[in-house]
Amino acid sequence: MRSSATKTTTRGKAKDSSVREIERPEWMPDESVNGCELCSISFSFTQRRHHCRGCGHIFCKEHCNIMMTLPPEWGYESPQRICAGCKIKFQKYAKTRLDRESDIESGVLVAQYYLRDKEFTYSTPLLAIGRRKPPLKNYFLVLPSAIGSSTEFLMSTVRSSSSLISTETTRQLFVAIMQTVRHPFILPVASVDYLLDKHTAVLIRPFSREGALRDKLHKVDPKIDFYKKYGAQAGSALGVKQVALYGRQILEAMSFLQSIRFSYPHLNASNIVVKDGKCCLTDLENSLLGLPPLYIQHFTNAAHAELVCFGHVLFQMAMGFTKAKASIQEFATKMPTNIYDILCSIFEPASGVPPTVTELLNNPFFSAVSISENVLDAKSQCILEDKAKIMLRRARRKNKEMIEQFLREQEEENGTANVGSLRISEQESNKAATASATSSATAPDAVASPKKETATTAATTPKTSSVQPMQGYSSSNPSDPLNPDNRKKAAMRAQMMRKQSSLQRKSSAKLNGASKPAPLQRTTSSPAMPASTPAAPSAPAPPPPAANRATAAPPAAAPKPPTAPAPSATPKAPAAPAPPPAPSSSGPPPPPPAAPMPAAPPGRSALLSSICDPSLGIGRLKKTSGPAKRR
C-alpha cells in the first residue's frame, strides 16, 4: 500500500512542480490491480474502479472523489476526478502558475511599453529559456521595424540586485559601457537602456538559431524551456579540435575583458552563444547588476573565479555534462590527456596557484589553433571614459565582496558542522567508555586475574584528549575531577565539613564562656546573682550591688565561688559604695584605682555551685526563700 502523497509515475509527476510543467499521465490498466491502492478494498460489480486524472492510478470511489480543474493543455473542459495526493500537487502548481503568469504579464507590459517608440516591434515571449526565472529575467523575440526584415533579435529584461546604478549619471555610464565593450568573440548589443523607476536593464542582441553552447551539447532547440531541454540527461561531448577552437576563442575574450579591468565571473556554457561557427560571450551586464555567479559554490578564491569558470566550461565541452565537486582525478581515463592536464592545473594545481589566462593561451593545446579574427585591434578601439573606468572598478570590488562573503558563510557553516560532528563523536566515545565500565562492574566477582585487572584498568583510566570534554561528559573513574557527579559530591562534602566546623566552634565557645553573657536569673539566694526588684515598666533597672563591683576579679583570674548568706525573709537593700581609702603620709600616694570592670559571667562550675548544695548530694538544689511577691 502506498500513500497518495508519495505516488510517482514515469510521466505524471515532475521532479519539481514549482519549476517544470506537469505532463498528462498515462492510465494504469484495469486488470493491473484488484483493489484500491489506499484502503485495499476489493473491486466488484458494486465497488467500481476510478482512475485519478492527475496520476493515472486506480482507487475506490471514496478515495478518488475530489473534483478539480486540471491544466487546460490536457484537454479537459470541466473539473475532473483526482485523489488527495494530486489535489495538493495541483494546488501548488496552480499557485505557481498564477505567479508565473503574473510575472510574465508584467514583463510583457514592460517590454511593450519600452518598444513603443523604438526601431523594434514585439514578437513572441520566450518563457524561461534561461536559468533565471521571471521576474528576475525575461526573454522576448523582437523584430526590426523596417519593412522586409526578418532578422530575429532577443530582448532581455534583467532586474538589478545592486545599488551601483541609481542616478541618471550612472545610467548613462552603464549604457556607454555596454555599447563600447566590443570584441570579435563577444556578442554585440543592438540596443541597451536602464529603467531607473523599475531597476531593470533592457538589452537587445542578435538571436542565434544555434543557441548557446549548452544547447549545442544537448542538441536541443534554444527556444524550449530551460528545464525541459536540459533535464537530467547528459549531452554529447565535442571533438578535441572543436574543444581547442572554442577554448581559444573563449580565452581571447577573457583576456580582452581583463585588459580593460572588466570583472566577469559569470562565464558558463549557457552564457556562451554559438553563432556562425564561433563562440561569443554574452550577458556581460550580470557583473554590473550584482547577480550571483553560477559556479560561486565552486570558488575558493575571488581572484581565481574566472579561471574556475573556464575550467567548468572546458570540462563540459570534453565530457558533455557539468562537473560536480568530485576530484578531477576520477576522470583521468575518460578524457584526452592534454585536456586532463589543463583541468588539473586549474582545479588541482601542484604549486597551489592556477595558471593565468595568458599562460593558458600560450599552452600548445590552444596556441596551435589558428583564428581568422583580428583580436589585437579590439583593445585599442575600446576607449572608456574615466568615470566608466571608476564604475568598472566599483563593480569589480562589489563582485569580489560578494564572493568573499559567500566563502565566509561557507566556512562558518563548515565550522559549525565540524564542531557538531566532533561533539557527536566525543559523546559516542564517552558512551562507549561508560558501557565498557558498566560491563566490567556488573561482571561476576571471581578470582582476580591479570586479564580482568587489565580490562578494569583500561575501563577506569580516563581518556587523554586534546579536546576539552563538553556537556554530557561521563567517566567511570571515581576520582576524575571532570565528571559532573564527582564535582557535585565534592561540593556537598565541603559544605558539610564547613557546617560541622562551624558547629564545633560554637559549642566550644559556649563551654569556655566566650559566648554572649547569659541572662540573669531571678533568685535571691546567691549574692552573685541577686533578684531584681520589680519596678514599673518606665523606671530604669536598679544598679548591681556594690559588693559585686568591689569583689569582682579581673578577667585573667578565675572567679572564686561566693559563700551563701543566711536566709532572710526580706531582701536586703543594696549597700552604699565604700569610700576610697585615705592617702598615706608615709609614702607616695597610690595610683588612682582603675575603672571598675564589668563582672565576668560566671562559668558553668560556679553557676552549679551557686544553686546546688554539695552536702545534700549531687543534683539537690539549695533552698531559697523564693522570689519576692509582686505588688
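Here, the structure is the one placed above.
What counts as what
Residues numbered from 1 in each chain as written. Predicted model: local features only at pLDDT ≥ 70, side-chain atom pairs only at ≥ 80, totals over all residues. Heavy atoms only, no water. Helix = DSSP H or I, 4+ residues; strand = E, 2+ residues; numbered from the N terminus. Buried < 20%, exposed > 50% of the residue type's maximum accessible area, 1.4 Å probe, protein only. Contact = heavy atoms within 4.5 Å. Areas by Shrake-Rupley, 256 points an atom, 1.4 Å probe, with all protein chains shown as cover. Pairing = 2+ DSSP bridges. Axes fitted to C-alpha atoms, helices over the stretch in contact; angles between N-to-C directions. Core = buried A, V, L, I, M, F, W, Y, C linked by side-chain atoms within 4.5 Å. Parallel < 35°, antiparallel > 145°, perpendicular 65-115°, else oblique. Left-handed = near helix turned anticlockwise from the far one by under 90°. Nonpolar A, V, L, I, M, F, W, Y, C, P; charged D, E, K, R; others polar. Patch = residues over 30% accessible without salt bridge, like charges linked within 9 Å, V, L, I, M, F, W, Y side chains within 5 Å. Salt bridge = Lys/Arg side-chain N within 4 Å of Asp/Glu carboxyl O. Lys, Arg positive; Asp, Glu negative; His and termini not counted. Charge placed at Lys NZ, Arg CZ, Asp CG, Glu CD. Expected span 1.5 Å × (residues − 1).

Chemist: Please explain the overall build of the protein as it appears in this structure.
Modeler: Along the backbone of the protein there are 16 helices and 11 strands. Taking all 631 residues of the protein together, the buried fraction comes to 34%. For the protein, the share of sequence-separated contacts (at least 6 apart) that also reach a separation of at least 24 residues comes to 61%. Here the protein displays about 39,100 Å² of accessible surface, and carbon together with sulfur accounts for 56% of that area.

Chemist: Help me out: how do you make sense of the sheet that holds strand E9 (residues 200-206) in this one?
Modeler: By way of backbone hydrogen bonds, the strands of a sheet pair with one another, either parallel or antiparallel. Strand order in this open sheet of five strands is E5-E6-E7-E9-E8, and the pairing throughout is antiparallel. Lying at the two open borders of the sheet, with one neighbouring strand each, are strand E5 (120-126) and strand E8 (191-195). Averaged over all adjacent pairs, the angle separating strand axes in this sheet is 25°, with direction ignored. Strand direction decides the pairing type here: E5 and strand E6 (residues 137-144), joined by six bridges, are antiparallel. The residue bridging Leu126 from the neighbouring strand is Tyr139, located in E6. On top of the sheet, helix H2 (residues 168-180) reaches E8 and E9; it is set at about 160° to E8, its chief contact.

Chemist: Please clarify how the nonpolar core should be interpreted in this entry.
Modeler: The tendency in soluble globular proteins is for nonpolar side chains to be buried as a group. Membership of the largest hydrophobic core comes to 82 residues, with the highest contact counts inside it found for Phe174, Leu257, Leu267 and Phe310. Not counting residues within four places of it along the chain, the set of residues in contact with Leu267 comprises Ile250, Met254, Ile272, Leu281, Tyr295, Cys309, Phe310 and Val313. Residues Cys55, Phe59, Met68 and Tyr76 belong to the second largest nonpolar core, which totals 19 residues.

Chemist: Sorry if this is basic, but what is going on with the packing of helix H7 (residues 305-319) against helix H8 (residues 337-347) here?
Modeler: To characterise two packed helices, one gives the angle between the axes of the helices and the distance between these axes. Taken N-terminus to C-terminus, the directions of H7 and H8 make an angle of 155°; their axes are 10 Å apart at the nearest point. When the axis of H7 is compared with that of H8, the two are roughly antiparallel. Our pair here, H7 against H8, has a crossing hand that is left-handed. On H8, the residues that touch Leu307, Val308, Phe310, Gly311, His312, Leu314, Phe315 and Ala318 of H7 are Ile339, Ile342, Leu343, Ile346 and Phe347. Split into classes, the residues belonging to the contact of H7 with H8 amount to 11 nonpolar, two polar and no charged.

Chemist: Would you mind showing me how to read a negative patch on the surface here?
Modeler: Taken together, Glu409, Glu411, Glu412 and Glu413 make up a surface patch of like negative charges. Relative to the assigned elements, Glu413 resides in helix H12 (residues 386-441).

Chemist: Just checking my understanding: could you explain H7 for this structure?
Modeler: Side chains that are three or four residues apart share a direction in an α-helix, a result of its 3.6 residues per turn. When the terminal C-alpha atoms of H7 are compared, their 21 Å separation across 15 residues agrees well with the 21 Å that a helix rising 1.5 Å per residue should span. Where burial is concerned, most of H7 is hidden: 15 out of the 15 residues are buried.

Chemist: Explain unusual backbone geometry here, please?
Modeler: What is expected of a backbone is that most residues other than glycine have negative phi and most peptide bonds are trans. The backbone of Lys219 sits at a positive phi, close to 55°, despite the residue not being glycine. By secondary structure assignment, the location of Lys219 is in the loop between helix H3 (213-218) and helix H4 (226-229). Using a relative accessible area of 68% as the deciding quantity, one classes Lys219 as exposed. With phi around 60°, Asp276 is a residue other than glycine that occupies positive phi space. By secondary structure assignment, the location of Asp276 is in the loop between strand E10 (272-275) and strand E11 (278-281). We classify Asp276 as exposed; its relative accessible area is 67%.

Chemist: Hey, could you run me through the environment of Val189 in this one?
Modeler: Here Val189 shows up in the loop between H2 and E8. Given the relative accessible area of 9%, Val189 is considered buried. Between the alpha carbons of Val189 and Pro206 there is a distance of 7.7 Å; along the sequence they are 17 residues apart. Beyond its immediate chain neighbours, meaning those up to four positions away, Val189 contacts Met178, Arg182, Leu203, Ile204 and Arg205.

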